[in-house]
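Structural overview for review
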Amino acid sequence: AEKKQEILEISNVKDRGYKILDDIVAEMEIASLEKTIESFKTKSSKNIEFVLEREKVINGLEKEIIDYLVPLSDKNLSDDEQHKVFVMMYAINDYERIGDHCENIIELIQEIKEENSVFSKTAFDEYEKISSDVMKIIVDTTNAYKDNNLELAKKCIPIEEEVDILEETYRRNHMDRINKGICDTNAGVKFLDILSNFERIADHCLNIANYTLGKEL
C-alpha cells in the first residue's frame, strides 16, 4: 500500500510539475522573454515592469515546486521515478535561471532608456537575429520537454551552437563599432552584456533539451 501511494505521488508530481512548468514557460517565461526582446526596440515602461514583476512570481513558483519535489527524492522510489523527480528539479532550475537572464537584460534596457542611448542599424539587425534564435530555442525546448519529443530536442542543439557563434561574432562587430566611434562606449558595453545574457539563455535551453534526450543529469 505504501509503494502504491508513492507511485500515486509521483504521478501527481508529474501532472502538477508539468502543469506548473506549462504556466512558468508557456504563460510566463516565454512571455517574459518575448516582452524582454520587444523592449529593446520599444523601451516600453509597461514591458519593463511586466518582466520585473513576472520574475518575482517565477522565483516564488520555483521555490514552491522545489520544496515539493525535494522530499520525494529521498523516498524509496524506483530508478525511473527518481529520475523523473530529478529531471523536473533540474529543468525548473534552468527555467528560473532563464528568468534571471531576462531580468538582467530588462534592467540593462532600462538603463539604456534612462540614458537615451542610441544604437546603429547594424546593432539592431544583430539584436533581431540573435533574439529570434533565442526565442525559437526556448519555444522548441519547452515543446520538446513537455511532449518528450526527442527529434525536436535534437534540433535545439544546432540552434544553441548558432547562438554561440552569433554572440562571438556580434561581440567582435560591436567592439569594432565602439572603436570607430559608431556606437557610444557606455551603451556598447550594455549591448555586449545583453548578447552575453542571450547566450546564457540558450545554454539553459540546451540543458533542458538534453534532459529530454536523457543527457547531462
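Here the structure is a predicted model, which means the values were calculated and not measured.

This part takes up the overall build of the protein chain. Per the secondary structure count, the protein chain includes 6 helices and 0 strands. For the protein chain, the N- to C-terminal ordering of α and β elements is α-α-α-α-α-α. A total of 217 residues make up the protein chain; the buried ones form 49% of that total. In the protein chain, 80% of the contacts between residues at least 6 apart in sequence involve partners at least 24 apart. Summing over all exposed atoms, the protein chain offers an accessible surface of approximately 10700 Å²; the carbon and sulfur share of this is 49%.

Moving on to helix α6 (residues 185–212). The first and last C-alpha atoms of α6 sit 41 Å apart over 28 residues, in line with the 40 Å expected at 1.5 Å per residue. The element α6 is extensively covered by neighbouring structure, given that 21 of its 28 residues are classed as buried. Between a side-chain oxygen at the N-terminus of α6 and the backbone nitrogen of Asn 186 the separation is 3.1 Å; the capping residue is Asp 184.

Along the chain, His 101 turns up in helix α3 (residues 79–114). At a separation of 2.8 Å, a polar atom in the side chain of His 101 contacts the side chain of Asn 197. Setting aside residues no more than four positions away along its own chain, His 101 makes contact with Asn 197, Arg 200, Ile 201 and His 204.

For the coordinates displayed, the defined rule picks out 14 salt bridges. Here Lys 136 ties to Asp 140 by a salt bridge, and the two come within 2.9 Å at their closest N and O atoms. In this pair, Lys 136 and Asp 140 are both assigned in helix α4 (residues 121–147), 4 residues apart and thus about one turn of the helix distant. On the basis of relative accessibility, which here comes to 46%, the residue Lys 136 falls in the partly exposed class. With its nearest N and O atoms 2.7 Å apart, the salt bridge here joins Asp 203 to Arg 200.

A few words now on the packing of aromatic side chains. Here a ring pair, both rings aromatic, is described through the centre-centre distance and the interplanar angle of the planes. The full count for this structure, using the stated rule, is 8 aromatic pairs. Taking 5.8 Å as the distance between ring centres and 40° as the angle between the ring planes, the aromatic pair formed by Phe 119 and Phe 191 counts as tilted. A residue pair is termed long-range when its members are at least 10 positions apart, and Phe 119 in the loop between α3 and α4 and Phe 191 in helix α6 qualify at 72 residues. Judged on exposure class, the residue Phe 119 and its partner Phe 191 are both buried. Feature note: the residues Phe 40, Phe 119, Phe 124, Tyr 127, Phe 191 and Phe 198 constitute an aromatic cluster, connected by ring pairs. When the ring centre of Phe 40 is taken as origin, the NZ or CZ atom of Lys 43, which lies over that ring, is 5.0 Å away.

For the rest of this paragraph, the subject is unusual backbone geometry. Here the phi dihedral of Asn 116 falls at roughly 55°; this positive angle occurs in a residue that is not glycine. Inspection of the secondary structure assignment puts Asn 116 in the loop between α3 and α4. Here the phi dihedral of Asn 148 falls at roughly 55°; this positive angle occurs in a residue that is not glycine. When you line up the elements, Asn 148 lands in the loop between α4 and α5 (150–179). Judged by its relative accessible area of 53%, Asn 148 falls in the exposed class.

As a further point, take the packing of α4 against α5. Between α4 and α5, the least distance of the axes is 9 Å, while the angle of their chain directions is 160°. Between α4 and α5, the angle is such that the two are roughly antiparallel. Between α4 and α5 lies a crossing of left-handed hand.

Time to look at the nonpolar core. Residues Leu 33, Phe 40, Ile 98, Tyr 127, Ile 194, Phe 198 and Ile 201 are the most contacted members of the largest nonpolar core, which totals 54 residues. Of all the secondary-structure elements, those providing two or more residues to this core are α1 (2–42), α2 (45–73), α3, α4, α5 and α6. No other element matches α3, which puts 14 residues into this core. Each residue touching Ile 98, except ones within four places of it in the same chain, is listed here: Glu 29, Ile 138, Ile 201, His 204, Cys 205 and Ile 208.

Rules behind the numbers
- Residue numbers here run from 1 along each chain, matching the order of that chain's written sequence.
- Only residues with pLDDT of at least 70 are given local features in this predicted model, and only at 80 or more are side-chain atom pairs given and counted; all residues enter the totals for whole chains, interfaces and linings.
- To get the side-chain values, all heavy atoms of the structure are used, and hydrogens and water are removed first.
- Per the convention used, a helix needs a DSSP run of H or I reaching at least four residues, while a strand needs a run of E reaching at least two, with both numbered from the N terminus.
- Throughout this description, buried means an accessible area under 20% of the type-specific maximum (1.4 Å probe, protein chains only), exposed means over 50%, and partly exposed covers the range between.
- Contacts were defined at the residue level, with two residues in contact if any of their heavy atoms lie within 4.5 Å.
- Per-residue accessibility takes into account occlusion by the displayed protein chains alone, with areas from the Shrake-Rupley method and a 1.4 Å probe.
- In this analysis, the expected span of each helix is defined as 1.5 Å times one less than the number of residues it contains.
- Under this definition, polar contacts are N or O atom pairs within 3.5 Å; protein pairs additionally need one hydrogen-donor-capable and one acceptor-capable atom, and for neighbouring residues in sequence, both atoms have to be side-chain atoms.
- Any Lys or Arg side-chain nitrogen found within 4 Å of a carboxyl oxygen on Asp or Glu counts as a salt bridge.
- Centres within 6.5 Å are what make two rings of Phe, Tyr or Trp a pair, Trp counting through its six-membered ring; a difference in plane orientation under 30 degrees is then read as stacked, over 60 as edge-to-face, and the rest as tilted.
- Geometrically, a charge over a ring is one whose NZ (Lys) or CZ (Arg) sits within 6 Å of the ring centre while staying within 35 degrees of the ring normal.
- In this analysis, axes come from line fits to C-alpha atoms, helices being fitted only over the stretch in contact, and the angle between any two N-to-C directions falls in the range 0 to 180 degrees.
- For classification purposes, angles smaller than 35 degrees are called roughly parallel, those larger than 145 roughly antiparallel, those between 65 and 115 roughly perpendicular, and all remaining angles oblique.
- By convention the crossing between two helices is left-handed if the near helix lies anticlockwise of the far one by an angle smaller than a right angle, and right-handed if it lies clockwise.
- Nonpolar cores are built from buried Ala, Val, Leu, Ile, Met, Phe, Trp, Tyr and Cys residues. Side-chain atoms within 4.5 Å join them into one set.

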